[in-house]
Structure formats: structure tokens, C-alpha cells
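Close look at the chain arrangement
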Amino acid sequence: NAGVIQTPRHKVTGKGQEATLWCEPISGHSAVFWYRQTIVQGLEFLTYFRNQAPIDDSGMPKERFSAQMPNQSHSTLKIQSTQPQDSAVYLCASSLRWGSQNTLYFGAGTRLSVL
Amino acid sequence: GQGVEQPDNLMSVEGTFARVNCTYSTSGFNGLSWYQQREGHAPVFLSYVVLDGLKDSGHFSTFLSRSNGYSYLLLTELQIKDSASYLCAVRWPNYNVLYFGSGTKLTVEP
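Residues numbered from 1 in each chain as written. Chains lettered and ligands numbered in written order. Predicted model: local features only at pLDDT ≥ 70, side-chain atom pairs only at ≥ 80, totals over all residues. Heavy atoms only, no water.

What to know about the confidence of the model for chain A
Overall, the predicted model of chain A reaches an average pLDDT of 94, with 99% of residues at or above 70. Of all the helices and strands in chain A, strand 6 (residues 53–56) of chain A carries the lowest mean pLDDT, 92, while strand 3 (residues 19–24) of chain A carries the highest, 98. (pLDDT = per-residue confidence, 0-100. Helix = DSSP H or I, 4+ residues; strand = E, 2+ residues; numbered from the N terminus.)

The following block contains the structure:
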């Protein structure tokens, strides 16, 4: 079991460029979460999928952020026109049966730096 | 976020204990988790509690008081390697999303 895999580990973009972050959840896990972490804000919820369906995206900045889960083996988080304030570690997490089971398994994260 | 509060820092001494506190808004509470996060690494699940009282898991124990919106994580027989951030996370019924506090950085000194 390789755990949750996130790629790339580090990404540097210029202001206004697009960034796409990838997450491969643990095989068989039905729930996938995206969080971002900064020193100032801590760990912030972004969005959540269950069985590939979007359940809650209330944490997503609506204008430039989007997330998809086209199949059960990967999810993507896309940030258009990146801004310096988007710089953060973006964490993906999965859970076997979220709701009846209470453990989130996090990936190592993607560190996004917007210059 | 969502009213989950933790102190920023905590220091303790190797071989003793440390208590990491967490307070949260009681409205609609649906369970509380603790995660450990070492510098530069992802959070790792430690414990989940939903009922009042103390849950003893050996090196880590967790306490919950739902009426007071309060929990703590108790680490006993501290080791230097317990130095890490400890994150409290509360689940509310709206789709069961987990909202994290900002974390308490525990430093264990020799």
C-alpha cells in the first residue's frame, strides 16, 4: 500500500499562470478530500468527493479554483491565474468509508510557490 | 477554522507529560479527531472521540467534554521524538467535513 500519492511534490509558478495538482487516493477508498495548509491559516478545507461525486466544495475560492475526480484512482485540483496568496502546501486525503470510519490518510502534499 | 481553537505552542520535558488543549463550538458537533504532524510531513491520525470521558490508548489518551466544547490530548512518558504539531479536528454534520484547528507545536526538551 503506497498511501496517498500527490504529484508534483513542489511546483513553482509565475503570477497569472495555471497550476494543476494531482492526487491518487489509496485504492478502494471512497472519499477524497483536498486541504491547503499555510502558517497563517493552518489547515483549511477546500473540497470533498465521495465515490467520485462532489459533495462539498464550500472551502473552494470559487473564481479560480476547481477540482475534479474523473475516476476512482485520481483527483485533480486546478488553480487558474495563480496569485501569490495561493502559495501553500496542498494536501489530499482519502478515507475508506468516511462517515462510518473516521480516519483520513493524508498524502505528503504539493508545495505550491507563486512568484 | 469553524471555531476550533488551540494554543500555538507548548513545551515540556522528556519523561514527563504534556496536555494539548482544544476548544470548539458545540453547535452540531459530530466527533473530534487528533492528528500528529511532524515538520515537513503530512498529518497522521492518532485518535477519534465522540463520547464524553477519557479514552486511554497508551502513550496517547484523549478526553472529551461535549457540553463544554473541550477536548485534550494527553501524552505521557514524553520522548524527544514526540516533538511535533498536534492538530485537533472537529466534524460537523454538514456532509461530515473535518475542520482543523491551527495546531499546537509541542517541543519536548531533554
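Text resumes after the structure shown.
A short note on the interface of chain B and chain A
Residue-level contacts link 16 residues of chain B with 18 residues of chain A. Buried surface at the junction of chain B and chain A, both sides included, amounts to about 1500 Å², of which 57% is carbon and sulfur. Inspection of the region where chain B meets chain A yields zero salt bridges. Across the chain B-chain A interface, the total number found is three residue pairs in polar contact (both at pLDDT 80 or more). Among the elements of the structure, strand 3 (32–37), strand 4 (44–49), strand 8 (84–91) and strand 9 (98–100) of chain B are those that each provide at least two residues to the side of chain B that touches chain A. Among the residues forming the side of chain B that touches chain A, the class breakdown is eleven nonpolar, four polar and one charged. (Contact = heavy atoms within 4.5 Å. Buried area = accessible area lost by both parts, 1.4 Å probe. Salt bridge = Lys/Arg side-chain N within 4 Å of Asp/Glu carboxyl O. Polar contact = N/O pair within 3.5 Å; in protein donor to acceptor, adjacent residues only side chain to side chain. Nonpolar A, V, L, I, M, F, W, Y, C, P; charged D, E, K, R; others polar.)

Concerning the state of the cysteines
Residue and element names in this part refer to chain A. Counting across every chain of the model gives two disulfides over all chains. Covalent S-S linkage joins C23 and C92, the inter-sulfur distance amounting to 1.9 Å. The sign of the -65° torsion about the S-S bond sets the C23-C92 disulfide as left-handed. Of this pair, C23 sits in strand 3 while C92 sits in strand 9 (residues 88–95), and the two are 69 residues apart along the sequence. Owing to a relative accessible area of 1%, C23 belongs among the buried residues under this scheme. (Disulfide = S-S within 2.5 Å. Buried < 20%, exposed > 50% of the residue type's maximum accessible area, 1.4 Å probe, protein only.)

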